[in-house]
Amino acid sequence: MLWISKRKAEDFYKLAMTSLKAGDLDKALRNLRQAVNLDGNNVKYRKSLLDIYVKLGMCEEAVKEAQKLTELVPDDPEIHYKFALCLHKMGKEEALNEVEKAIKLNCNNPEYHVLKAEILNDEGYHEDALLEVEKAIRLGKDDEYVHYLKAEILKEENRLMEAVEELERASSFNPSSTFYYIEKARIYTLLRWYEEALEEYEKACNLNDSDDECHYEKAIVLMTLHRYDDALNELNKAIRLNPSRTEYRLAKAKLLIVLGIYEEALDECDQVLKRDPNNFEAHKLKAEALEHLGKNEEAKRE
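Per chain, residues are indexed from 1 in the order of the written sequence. A pLDDT threshold of at least 70 governs which residues receive local features in this predicted model, and a stricter bar of 80 or more applies before side-chain atom pairs are shown or counted, although totals over entire chains, interfaces and linings include all residues. Only hydrogens and water are set aside when side-chain values are computed; all heavy atoms of the structure are taken into account.

Trainee: Go over the side chain of Arg46, please, and point to the residues and values.
Mentor: Numbering of helices and strands starts at the N terminus; helices are DSSP runs of H or I of at least 4 residues and strands are runs of E of at least 2. By the secondary structure assignment, Arg46 is in helix α3 (residues 43-55). Judged by relative accessible area, Arg46 falls into the buried class, the value being 12%. Those residues within four positions of Arg46 in sequence are excluded, and the remaining contacts are Val36, Gly40, Glu65, Lys68, Leu69 and Leu72. Burial status follows relative accessibility: with a 1.4 Å probe on protein chains alone, a residue under 20% of its type maximum counts as buried, one over 50% as exposed, and anything between as partly exposed. Note on definitions: a residue-residue contact is assigned when non-hydrogen atoms from the two residues lie within 4.5 Å.

Put into structure tokens, the structure is as follows:
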């Protein structure tokens, strides 16, 4: 009877592979589970099942499968890597131990070093994370993500200009993305290099004029440079694109008070208070606008 079970298991496995090629992951998953139920010690079936769990983001199931596989084949680095990947997504500290096992078994796979860098960075070991990401790059990992990850680590180390260089490398792989221009702009803003920040925000807005957050952040830089009319224009764009964002309306209210346009500032405060009646900043700005209009009693009530 054992050989019949193994034969049935192989049939389910073949069906699973057919479904996988067709892109039907759910059907592939069902057939692989059947195969594993019939032949639980078959490493091929379990590794395929692990892969499906990882692709579907079923981390708890993937971890259980990886645990079983490490008992069957303790020296397979890919299993330890996928084990670590899912543990990390679940926020488990054991992830570092598993990825180190993978690296010990195969130190030349750059993906393992990238994962170790992610884990170390998340745990606050930024110098060690940087060493790992640099190992990955030396091993031939040269793509958008690895340079973005290196930039993130460098930012944590306050090595901001080096981070900008890595963001530029990441951007070269995906030049149509606004993300890296905005990230560079944020770094320049931290450095108080406002003209350089503005240039990056303008590049981002030119690529995607429907990014409300980009218009808002650009407005804040313009306000810092005392270019108030331009800032107001950007805030209006941000609000048009996303009228429910409180911070956009509050920023506009502050700017309108600076410009002496108090009635419109009141309107913006009231828009915020309709959604959030207890918003302290909105009440504070409303009181300020009312004082400027000579409505001192109303201001006191705010």
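Trainee: Requested: an account of the packing of aromatic side chains, with residues and values cited.
Mentor: The rule is short: rings of Phe, Tyr and Trp, with Trp giving its six-membered ring, pair when the centres are within 6.5 Å, and they are stacked under 30 degrees, edge-to-face over 60, tilted in between. Inspection of the entire model under this criterion finds eight aromatic pairs. Here the aromatic cluster, defined as three or more aromatic residues joined through ring pairs, consists of Tyr145, Tyr148, Phe179 and Tyr180.

Trainee: Pulling in residues and values, what's your account of helix α16 (residues 262-275)?
Mentor: Here the expected span of a helix is defined as 1.5 Å times the quantity of residues minus one. With 14 residues, α16 ought to run about 20 Å at 1.5 Å a step, and its terminal C-alpha atoms sit 21 Å apart, in line with that. Of all the positions in α16, only Tyr262, Ala265, Leu266, Glu268, Cys269, Val272 and Leu273 are classed as buried. Angular distribution of buried residues about the axis of α16 spans 160°; they occupy a single face of the element. The reported arc concerns the directions from the helix axis to the C-beta atoms and nothing else.

Trainee: I'd like a rundown of the packing of helix α11 (residues 179-190) against helix α12 (residues 194-207), residues and numbers included.
Mentor: For helices, the fitted axis covers only the stretch in contact; all axes are lines through C-alpha atoms, and the angles between them, taken along N-to-C directions, range from 0 to 180 degrees. Close contact between α11 and α12 brings their axes to 8 Å; oriented N to C, the two are set at 165°. Comparing the axis directions of α11 and α12 gives the class roughly antiparallel. Viewed along their axes, α11 and α12 form a crossing whose handedness is left-handed. Contacts between α11 and α12 involve Tyr181, Ile182, Lys184, Ala185, Arg186, Tyr188 and Thr189 from the first element and Tyr194, Glu196, Ala197, Glu200, Tyr201, Lys203, Ala204 and Leu207 from the second. Amino acids are sorted into nonpolar (Ala, Val, Leu, Ile, Met, Phe, Trp, Tyr, Cys and Pro), charged (Asp, Glu, Lys and Arg) and polar (every other residue, Gly among them). Partitioned by chemical class, the residues of the contact of α11 with α12 number nine nonpolar, one polar and five charged. Roughly parallel means an angle under 35 degrees; roughly antiparallel, over 145; roughly perpendicular, 65 to 115; everything else is oblique. If you view the pair so one helix is near and one far, a crossing is left-handed when the near helix is turned anticlockwise from the far one by less than a right angle, and right-handed when it is turned clockwise.

Trainee: Outline the nonpolar core, supporting the account with residue identities and numerical values.
Mentor: Ranked by internal contacts, the top residues of the largest apolar core, which has 90 residues, are Leu115, Val133, Ile153 and Leu235. With residues up to four places along the chain from it excluded, the contact list for Ile153 reads Ala117, Asn121, His126, Ala129, Leu130 and Val133. By nonpolar core we mean a set of buried residues, namely Ala, Val, Leu, Ile, Met, Phe, Trp, Tyr and Cys, connected to one another through side-chain atoms within 4.5 Å.

Trainee: Quick one: what's the story with the packing of helix α13 (residues 212-224) against helix α15 (residues 246-258), residue by residue and with numbers?
Mentor: Running from N to C, α13 and α15 cross one another at 25°; their axes reach a closest spacing of 11 Å. In this view, α13 runs roughly parallel relative to α15, as classed from their interaxial angle. The element α13 and its partner α15 pack so that their crossing is left-handed. Of the residues in α15, those in contact with Asp212, Glu213, Tyr216, Ile220 and Met223 of α13 are Glu247, Tyr248, Ala251 and Leu255.

Trainee: Go over the pattern of salt bridges with me, naming the residues and quoting the values.
Mentor: For this analysis, a salt bridge means a side-chain nitrogen from Lys or Arg found within 4 Å of a carboxyl oxygen belonging to Asp or Glu. Inspection of every chain in the model, using the stated rule, returns 34 salt bridges. Here Glu199 makes a salt bridge to Lys203, at a shortest N to O gap of 3.9 Å. Taken together, the residues span about one helical turn, with Glu199 and Lys203 both in helix α12 at a distance of four residues. One salt bridge connects Lys254 with Glu281, and the closest N-O pair in it is separated by 3.6 Å. Within this pair, whereas Lys254 is found in helix α15, its partner Glu281 is found in helix α17 (residues 280-292), the two being separated by 27 residues in sequence. For Lys254, a relative accessible area of 40% translates into the label partly exposed. Beyond isolated ion pairs, a larger network of salt bridges with shared partners links Glu152, Lys155, Glu183, Arg186, Asp212, Glu213, Glu217, Arg245 and Glu247.

Trainee: Please set out α11 residue by residue, giving values where relevant.
Mentor: For α11, which comprises twelve residues, the first-to-last C-alpha distance of 17 Å matches the rise-based estimate of 16 Å (1.5 Å per residue) to within 8%. Among the structural elements, α9 (144-156), α10 (160-173), α12 and α13 are those in contact with the buried residues of α11. Following α11 by one or two positions, Arg192 adopts a phi angle in the positive range, close to 65°.

Trainee: Hey, could you go over the state of the cysteines for me, with residue numbers and the actual values?
Mentor: Whenever a pair of cysteine sulfur atoms sits within 2.5 Å, that pair is classed as a disulfide. In total, this model carries zero disulfides according to the counting rule given. Free of any disulfide, Cys205 has its nearest cysteine sulfur in Cys214, 3.3 Å distant.

Trainee: Would you mind going over the side chain of Glu234 in detail, with residue names and values included?
Mentor: In this fold, Glu234 is placed in helix α14 (residues 228-241). In this view, Glu234 contacts His215, Lys218, Ala219 and Leu222; residues no more than four positions away in its chain are not counted.

Trainee: Residues and numbers for a negative patch on the surface, please.
Mentor: Patch definition: residues with relative accessible area over 30% and no salt bridge; like charges joined within 9 Å; nonpolar side chains (Val, Leu, Ile, Met, Phe, Trp, Tyr) joined within 5 Å. Surface accessibility follows the Shrake-Rupley procedure with a 1.4 Å probe radius. Residue values consider only the protein chains on display as shielding. When charges are counted, neither His nor the chain ends are considered; positive counts come from Lys and Arg and negative counts from Asp and Glu. One atom stands in for each charge, and that atom is NZ of Lys, CZ of Arg, CG of Asp or CD of Glu. Together, Glu93, Glu94, Asp122 and Glu123 line one region of the surface with negative charge. Within the secondary structure, Glu93 sits in the loop between α5 (77-89) and α6 (94-105).

Trainee: Run through unusual backbone geometry, naming residues and quoting values.
Mentor: A positive phi angle is found at Asn158, which is not glycine, with a value near 65°. When you line up the elements, Asn158 lands in the loop between α9 and α10. Accessibility expressed as a relative area gives 58% for Asn158, which makes it exposed. At Arg192, a position not held by glycine, the phi torsion is positive, near 65°. If you trace the backbone, Arg192 turns up in the loop between α11 and α12. When its relative accessible area of 64% is taken as the criterion, Arg192 is described as exposed.

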